[in-house]
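# Breakdown of the fold
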Amino acid sequence: MESNEKMEQLLQQMYAQESLHDDDIDTSDIIDEEWTKFEAKHFAAPSTHYSILRKIAAIFIGVLLLGGIAYATIHYMNDTMQNEKQETVASANAQPATPNAQLAKQADAVQTPVVYKDAELSTILNDIATFYQVETVYKNEEVKHVRLYFTWNKQQTIDEVIDMFNKFERFHMMRDNRRVIVE
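The following refers to the structure shown. All figures in this text were calculated on a predicted structure; none of them were measured in a lab.

### So, the overall build of the protein chain
When helices and strands are tallied, the protein chain shows 6 helices and 5 strands. Going residue by residue from the N terminus, the α and β elements of the protein chain occur as α-α-α-α-β-α-β-β-α-β-β. Buried positions account for 17% of the 183 residues belonging to the protein chain. Of the contacts made within the protein chain by residues no fewer than 6 positions apart, 57% connect residues no fewer than 24 positions apart. By element, 56% of the accessible surface of the protein chain is carried by carbon and sulfur atoms, the whole surface being about 14400 Å².

Spelled out as C-alpha cells, the structure:
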C-alpha cells in the first residue's frame, strides 16, 4: 500500500510540475526507484507460482503412490485367500470324508501281500499276531531268531498262515484258541 501512496504522490507532484511548467525538478530517479519496488512486488510471483505447482505435483504423486499401495494390498490379499482356499480344499480331499473311505483304505492294505526278506521269526509273528489279534507263545527261545523269507497274504485265515509256517522244518506251530504256540 505504501508504494501505491508514494506513486500517487509522485504522480501528483508530476502533474503539479507539468502544470507549473517547472523543468528544474528531476523525477527520473524517484520514478525508477518506485518502478523497481513495484516490479519486485508484483513480478516476483513466478517463483511462488512454481512452488504452488510443486505442491500440486507432490500431492498428485502422493495420491498415485497411495493408490498403488492400496491396489497391491488388495491384489495380495486376494491371492492369499485363494491359496488358503485351495489348501483347504486339498486337505479336505486328502482326508477321507467318510468311514467307508477309511474301510476302503484298510481293504487295499489287506489285499497287498507283505514280503519279509531275511527277517526274524519273532518280527514276522509279531505283525501277524497283531493283525489277527492273537498271542504268540514260544516254547523254545532260539526259534525267535530263525531268519526267513516269507510272503504273508492278509486275506488268508490264521490257520492257513500257520499251515504255511509248518512247511518249514525248523519249527512247528499250532493254534490253541487265541494263542499261537511255537515249538
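### Let's talk about the packing of aromatic side chains
For any two aromatic rings, the description comes down to two numbers: the centre-to-centre distance and the angle of the planes. In total, this model carries 8 aromatic pairs according to the counting rule given. With 5.0 Å between their ring centres and 85 degrees between their planes, Phe 131 and Tyr 132 make a pair best called edge-to-face. Taking the relative accessible area as the measure of exposure, Tyr 132 reaches 15% and is therefore buried. Here the aromatic cluster, defined as three or more aromatic residues joined through ring pairs, consists of Phe 150, Phe 165, Phe 168 and Phe 171.

### Focus on the side chain of Ser 122
Here Ser 122 is to be found in helix 5 (residues 121-132). Residues within four places of Ser 122 in sequence aside, it is in contact with Tyr 138 and Lys 144.

### Considerations on the sheet that holds strand 4 (residues 173-176)
In a beta sheet, neighbouring strands pair by backbone hydrogen bonds and run either parallel or antiparallel. The 3 strands are arranged 2-5-4 in an open sheet whose pairing can be described as mixed. Since the sheet does not close on itself, it has two edges, and those belong to strand 2 (135-138) and strand 4, each with one partner. In this sheet, neighbouring strand axes are inclined to one another by 25 degrees on average, regardless of whether the strands run parallel or antiparallel. Inspection of the sheet shows strand 4 paired to strand 5 (residues 179-182) by 4 bridges, in the antiparallel sense. Counted as the bridge partner of Asp 176 is Arg 179 from strand 5. Relative to strand 2, helix 5 is tilted by about 150 degrees, and along the sheet it contacts strand 2, strand 4 and strand 5. Contacting strand 4 and strand 5, helix 6 (residues 158-165) runs over the sheet at an angle of about 155 degrees to strand 4.

### Brief notes about helix 6
Within the span of helix 6, buried status applies to Ile 158, Val 161, Ile 162 and Phe 165. Down the axis, helix 6 shows its buried residues gathered within 100 degrees of arc, on one side only.

### Examining the environment of Phe 38
Along the chain, the position of Phe 38 falls in helix 2 (residues 28-42). The partly exposed category is assigned to Phe 38, whose relative accessible area is 28%. In this structure the C-alpha to C-alpha distance between Phe 38 and Ser 3, which are 35 residues apart in sequence, comes to 7.2 Å.

### What to know about the pattern of salt bridges
Summed over all chains, the structure comprises 6 salt bridges. Lys 37 is the salt-bridge partner of Glu 33, the closest N and O atoms lying 3.6 Å from each other. Placement of both Glu 33 and Lys 37 in helix 2 is noted, with a separation of 4 residues, approximately one turn of the helix. Look at Glu 33 and you get partly exposed, because its relative accessible area is 45%. Across the pair Lys 144 and Glu 141 runs a salt bridge, and its minimum N-O distance is 3.2 Å. Overall, Lys 144 belongs to the partly exposed group, its relative accessible area being 25%. Taken together, the shared-partner salt bridges in this structure form one network comprising Glu 33, Glu 34 and Lys 37.

### As for the nonpolar core
In terms of nonpolar packing, the biggest core is built from 23 residues, with Leu 121, Ile 128, Phe 165, Phe 171 and Met 173 touching the most fellow members. Broken down by secondary-structure element, the contributors of at least two residues to this core are strand 1 (114-120), helix 5, strand 3 (147-152), helix 6 and strand 5. Ranked by residues supplied to this core, first place goes to helix 5 with 6 residues.

What counts as what
Residues numbered from 1 in each chain as written. Predicted model: local features only at pLDDT ≥ 70, side-chain atom pairs only at ≥ 80, totals over all residues. Heavy atoms only, no water. Helix = DSSP H or I, 4+ residues; strand = E, 2+ residues; numbered from the N terminus. Buried < 20%, exposed > 50% of the residue type's maximum accessible area, 1.4 Å probe, protein only. Contact = heavy atoms within 4.5 Å. Areas by Shrake-Rupley, 256 points an atom, 1.4 Å probe, with all protein chains shown as cover. Phe/Tyr/Trp six-rings, centres within 6.5 Å; stacked < 30°, edge-to-face > 60°. Pairing = 2+ DSSP bridges. Axes fitted to C-alpha atoms, helices over the stretch in contact; angles between N-to-C directions. Arc of directions from axis to C-beta. Salt bridge = Lys/Arg side-chain N within 4 Å of Asp/Glu carboxyl O. Core = buried A, V, L, I, M, F, W, Y, C linked by side-chain atoms within 4.5 Å.

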